[in-house]
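Okay, here's what each chain looks like letter by letter:
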Amino acid sequence: MGRVICIANQKGGVGKTTTAVNLAASVAITQRRTLIVDCDPQGNTTSGLMEGMDTPPRLNLYHCLCGGAVISEAVRPTAVPYLDILAADQNLVGAEIEMVSRENRERQLAILLSHVLPQYEYIFLDCPPALGLLTLNALVASDSILIPLQCEYFALEGLSALLKTIELVKSSLNPRLEIEGILLTMFDSRNALSHHVANDVRAHLPQHLFRVVIPRNVRLSECSSYGKPVILYDVKSRGAIAYIELAHEILSKYATKGVGNDQ
Ligand SMILES: Nc1ncnc2c1ncn2[C@@H]1O[C@H](COP(=O)(O)OP(=O)(O)OP(=O)(O)O)[C@@H](O)[C@H]1O
Ligand SMILES: [Mg+2]
């Protein structure tokens with residue numbers, strides 16, 4: 001059974017999509033069957049993995065949640081071996097509205113993913129920058145949440161609201177939800193503020209912080225405009241190495257628990 005990890009933070013532009021795409025690709029290159037689900041109507045994960053696809057997938061998450069499409073027919077391979085994608089586009093905005101009146105409205109994604117769970121070892125969910133129904137669906141469908149925090153002013157702003165939401169989801173809708181970890185992103189070693197933020201987070205939340213810190217690296221921002229993860233764009237870049245290390249940090253946690261190594 002796959003481990004489902006959502007990448008969430010209601011703060012915008014903190015590196016959620018960059019982390020989802022590059023972590024998923026770095027896990028997939030270890031030959032673990034991996035699925036990435038774009039849960040954001042902005043569709044940035046989808047465009048970030050478009051290389052090799054002439055047109056966006058005809059069926060995407062919206063059609064599965066609201067149009068009765070079968071998930072296995074909407075999932076598409078990417079240019080990265082072992083990595084599949086369930087895409088999204090702006091239609092997904094409508095899903096939040098359409099799902100509101102449904103029974104089990106917060107379990108729709110979990111129900112959907114249950115059909116493909118046995119086929120994957122890891123499933124990553126890229127969330128939109130909001131604590132709305134799509135993010136709630138992602139939290140309910142997940143085993144754990146990975147929280148990217150940008151090494152900038154106000155990094156911790158909103159974190160307590162997110163942690164409160166996680167506790168709420170855990171106590172009501174999804175008791176198995178864990179915090180996979182907090183990931184410092186866009187760290188700039190020449191910038192005193194980056195060090196300040198990193199030390200602040202280390203002081204407040206040491207138990208949840210990943211050892212790996214993602215540096216600010218131009219290759220990470222360039223690669224998405226080519227529709228490919230950084231390992232296919234510049235595997236020797238500091239950004240690529242950091243995400244490969246993050247994948248190893250996560251995989252090594254589960255190697256002994258039997259997740260991710262059941263070929
Ligand atoms: N480590 C990094 N180094 C340099 N640029 C980065 C890095 N991480 C992300 N970026 C850039 O910062 C911007 C925001 O990143 P990203 O899209 O991953 O954030 P996000 O949290 O998904 O945003 P949103 O909340 O809008 O979904 C993008 O232009 C991305 O290319
Ligand atoms: Mg994003």
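Thresholds applied
Residues numbered from 1 in each chain as written. Chains lettered and ligands numbered in written order. Predicted model: local features only at pLDDT ≥ 70, side-chain atom pairs only at ≥ 80, totals over all residues. Near = placed C-beta within 6 Å. Helix = DSSP H or I, 4+ residues; strand = E, 2+ residues; numbered from the N terminus. Nonpolar A, V, L, I, M, F, W, Y, C, P; charged D, E, K, R; others polar. Core = buried A, V, L, I, M, F, W, Y, C linked by C-beta atoms within 7 Å. Buried ≥ 20, exposed ≤ 12 C-beta atoms within 10 Å, placed from the backbone. Contact = placed C-beta atoms within 7 Å. Arc of directions from axis to C-beta. Pairing = 2+ DSSP bridges. Right-handed = clockwise from strand over helix to strand, strands pointing away.

**Student:** Sorry, what's going on with the site of ligand 1 here?
**Tutor:** Taken together, 20 residues lie near ligand 1, and Lys 16, Thr 17, Thr 18, Pro 129 and Ser 221 sit nearest. Those elements that provide at least two residues to the shell around ligand 1 are helix 1 (16–28) and helix 10 (218–223). With 3 residues, helix 1 is the largest single contributor of residues to the shell around ligand 1. Here the residues of the shell around ligand 1 are counted per class, giving 5 nonpolar, 12 polar and 3 charged.

**Student:** What's the story with the nonpolar core in this structure? I'm lost.
**Tutor:** Nonpolar side chains in soluble globular proteins tend to be buried together. Of all hydrophobic cores here, the largest spans 76 residues; its most connected members are Ala 24, Leu 61, Phe 124, Leu 125 and Ala 138. Non-local contacts of Ala 24, meaning those with residues more than four positions away in its chain, are made with Thr 34, Ile 36, Leu 83 and Phe 124.

**Student:** Would you mind going over helix 5 (residues 92–100) with me for this structure?
**Tutor:** Quick reminder: α-helices carry 3.6 residues per turn. Residues three or four places apart thus point the same way. Along helix 5, the positions that sit buried rather than exposed are Leu 92, Ala 95 and Met 99. Projected down its long axis, helix 5 carries its buried residues within an arc of 20°, all on one side. Exposed residues on helix 5 whose side chains face more than 90 degrees from its buried face are Ile 97 and Val 100.

**Student:** I would appreciate a short explanation of the pairing of strand 7 (residues 178–185) in the present structure.
**Tutor:** The side chains of a regular strand alternate between the sheet's two faces. Burial analysis of strand 7 places 6 of its 8 residues in the buried class, which makes it a mostly covered element. By the bridge criterion, 7 bridges tie strand 6 (residues 144–150) to strand 7 in an arrangement that is parallel. Across the sheet, residue Ile 147 finds its bridge partner in strand 7, namely Ile 182. Handedness of the crossover joining strand 6 and strand 7 through helix 8 (residues 159–172): right-handed.

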